Amino acid sequence: MTLYGKSGMYEQAHKLFDEMPELKCQRTVNSFNALLAAYLHSKKFINAGELLEQLPEKLGIEPDLISYNTVIKAYCEMGSMDSALSMVDTLEKKGLEPDIITFNTLLDGFFSRGRIVDGDEIWGLMEKKNVVPDIRTYNSKLRGLVHGNKVLEAVEFFEEMKNEGIEPDIHSYNALITGYCDEGNLEQVKHWYGELKKSYKPDRATYCKVLSFLRKKNEFEMASEICKEAMDRRLISGVTWMDKLVSESRIEEAIQFVESGLSRSALKLRFP
DNA sequence: ATAGGGTTAG
């Protein structure tokens, strides 16, 4: 069942869910969770919460941890952090235990809203419950610090996680690069881009962020090099970059640029 | 069946 993505698909999902008995399909916690996910992905957050409150007893379905995690995500998305947090008490009263997904969802909600202190408190609660933080836990705090313009603290935290044996992944590097792009710090963007490349291939997010930054800074040399690489890997189209060259009448550079790396399909895209 | 960033698509 592909119920996700498009807004409005929750209606289809709910209709199907209602018709299941006639179709001789038994409704289970799995189909209930699929319904919750449909509401979540259609951004009908409040309905997901209401559904969890009403439907299970009406239908005799016992919600599981996935049901609660889905609704916690919905509350986080709508910014109802108190409701999200209170779901932990609710699920525990039902005899369930919050897992790493529960905590990562909550932490991402708090950290991404700049609520670092509250996030740290929840982090402590997580450890008290013997749920071991993973790379995504660390990354959510990294992004939170960056989002709150605390890039230096983010770098400190980056080092801290390495000391604790958590190997930074591409999201970790991208968070720091984003921080320094937003600060306008060219030297540090270059530094962390270099650090990233020692262990990973930049991904689409890296390229987008770094290229738009370098373009703003008029760092043509480095930008065109990176742009070529990104186009070769089919991760960006390069059209916008070339448009800028053309609009500034830097035609020679644009032509060189095209000849040196642009793929046939990208050319067709620009000059159909 | 549940948790990620970025935005260069126009």
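Conventions we followed
Residues numbered from 1 in each chain as written. Chains lettered and ligands numbered in written order. Predicted model: local features only at pLDDT ≥ 70, side-chain atom pairs only at ≥ 80, totals over all residues. Heavy atoms only, no water. UniProt positions renumbered as here; feature names shortened; annotations may be inferred. Helix = DSSP H or I, 4+ residues; strand = E, 2+ residues; numbered from the N terminus. Near = heavy atom within 4 Å. Polar contact = N/O pair within 3.5 Å; in protein donor to acceptor, adjacent residues only side chain to side chain. Nonpolar A, V, L, I, M, F, W, Y, C, P; charged D, E, K, R; others polar. Core = buried A, V, L, I, M, F, W, Y, C linked by side-chain atoms within 4.5 Å. Buried < 20%, exposed > 50% of the residue type's maximum accessible area, 1.4 Å probe, protein only. Contact = heavy atoms within 4.5 Å. Phe/Tyr/Trp six-rings, centres within 6.5 Å; stacked < 30°, edge-to-face > 60°. Lys NZ or Arg CZ within 6 Å of the ring centre and 35° of its normal. Patch = residues over 30% accessible without salt bridge, like charges linked within 9 Å, V, L, I, M, F, W, Y side chains within 5 Å. Areas by Shrake-Rupley, 256 points an atom, 1.4 Å probe, with all protein chains shown as cover. Salt bridge = Lys/Arg side-chain N within 4 Å of Asp/Glu carboxyl O. Lys, Arg positive; Asp, Glu negative; His and termini not counted. Charge placed at Lys NZ, Arg CZ, Asp CG, Glu CD. Expected span 1.5 Å × (residues − 1). pLDDT = per-residue confidence, 0-100. Axes fitted to C-alpha atoms, helices over the stretch in contact; angles between N-to-C directions. Parallel < 35°, antiparallel > 145°, perpendicular 65-115°, else oblique. Left-handed = near helix turned anticlockwise from the far one by under 90°.

**Considering the UniProt feature "repeat: PPR" (unreviewed entry) in chain A**
- With numbering aligned to this structure, UniProt lists the feature "repeat: PPR" (unreviewed entry) at residues 64-98, 99-133, 134-168 and 169-199.
- Secondary structure across residues 169-199 divides into 90% helix and 0% strand, with the first and last C-alpha atoms of the span separated by 9 Å.

**A look at the protein's contact with DNA strand B**
- Neighbouring DNA strand B are 31 residues, the closest being Asn139, His171, Asn174, Asp203 and Arg204.
- At the protein interface, 41% of the atoms of DNA strand B within 4 Å belong to sugar or phosphate.
- Within the contact set of DNA strand B, a base nitrogen lies 3.4 Å away from a side-chain nitrogen or oxygen of asparagine 30.
- At 3.2 Å, a side-chain N or O of aspartate 169 approaches a base nitrogen of DNA strand B.
- Contributing elements (two or more residues each) for the surface near DNA strand B: helix H2 (29-41), helix H4 (65-77), helix H6 (100-112), helix H8 (135-147), helix H10 (170-183), helix H12 (204-216) and helix H14 (239-247).
- For the surface near DNA strand B, the element with the most residues is H12, which contributes 7 residues.
- Residues of the surface near DNA strand B, tallied by class, amount to 8 nonpolar, 13 polar and 10 charged.

**Observations regarding the nonpolar core**
- Counting residues in each nonpolar core, the largest one holds 72 residues, and the members touching the most others are Phe32, Leu142, Ile177 and Trp192.
- Apart from the residues lying within four places of it in its own chain, the contact partners of phenylalanine 32 are Phe17, Leu51, Leu52, Leu55, Pro56, Ile61 and Ser67.

**What about the side chain of threonine 137?**
- Take threonine 137: it is sitting in helix H8.
- Separated by 2.9 Å, the side chain of threonine 137 and the backbone nitrogen of aspartate 134 make a polar contact.
- If we skip the residues at most four places from it in the chain, threonine 137 touches Ile100, Asn104, Leu107, Trp123 and Met126.

**Description of the packing of aromatic side chains**
- All chains considered together, the criterion is met by 8 aromatic pairs.
- Aromatic side chains phenylalanine 158 and tyrosine 173 sit 5.2 Å apart centroid to centroid with 70° between the ring planes, which places their arrangement in the edge-to-face category. With phenylalanine 158 in helix H9 (residues 151-163) and tyrosine 173 in helix H10, this pair connects stretches of sequence that are 15 residues apart.
- Of the residues examined, tyrosine 173 reaches a relative accessible area of 4% and is grouped as buried.
- Every member of this aromatic cluster is reached through a ring pair, and the members are Phe158, Tyr173, Trp192 and Tyr200.
- The ring of phenylalanine 17 is capped by arginine 27, whose NZ or CZ atom sits 5.0 Å from the centre of that ring.

**Some words on a negative patch on the surface**
- A cluster of acidic residues, Glu127, Glu153, Glu156, Glu160 and Glu164, forms a negative patch on the protein surface.
- Sort the elements by how many residues they give to the negative patch and H9 lands first, with 3 residues.
- Assignment of secondary structure puts glutamate 127 in helix H7 (residues 116-128).
- The partly exposed category is assigned to glutamate 127, whose relative accessible area is 44%.

**Some details on H6**
- With 13 residues, H6 should reach 18 Å at 1.5 Å per residue; the first-to-last C-alpha distance of 17 Å fits that figure.
- Buried within H6 we find Thr102, Phe103, Asn104, Thr105, Leu106, Leu107, Gly109, Phe110 and Phe111.
- On its buried face, H6 sits against H4, helix H5 (81-93), H7 and H8.
- Backbone geometry just after H6 places glycine 114 at a positive phi near 75°.

**Topic: the confidence of the model for chain A**
- Looking at chain A as a whole, its pLDDT mean stands at 88, while 85% of the residues score no less than 70.
- Within chain A, no element has a lower average pLDDT than helix H16 (residues 264-270), which sits at 41, and none a higher one than H6, at 98.
- For residues 1-5, every residue scores under 50 in pLDDT, and the model assigns this stretch 12 contacts once sequence neighbours within four places are set aside.
- Overall, residues 261-272 carries pLDDT values under 50, and its contacts beyond four positions in sequence, including any with other chains, amount to 17 contacts.

**Describing the packing of H5 against H6**
- Where H5 meets H6, the closest approach of the two axes is 10 Å, and the angle between their N-to-C directions is 160°. Looking at the two axes, H5 sits roughly antiparallel to H6. For H5 against H6, the interelement crossing comes out left-handed. Each of Met81, Ala84, Leu85, Val88 and Leu91 in H5 lies in contact with H6, whose residues at this interface are Thr102, Leu106, Gly109 and Phe110.
- Grouping the constituent residues of the contact of H5 with H6 by class yields 7 nonpolar, 2 polar and no charged.

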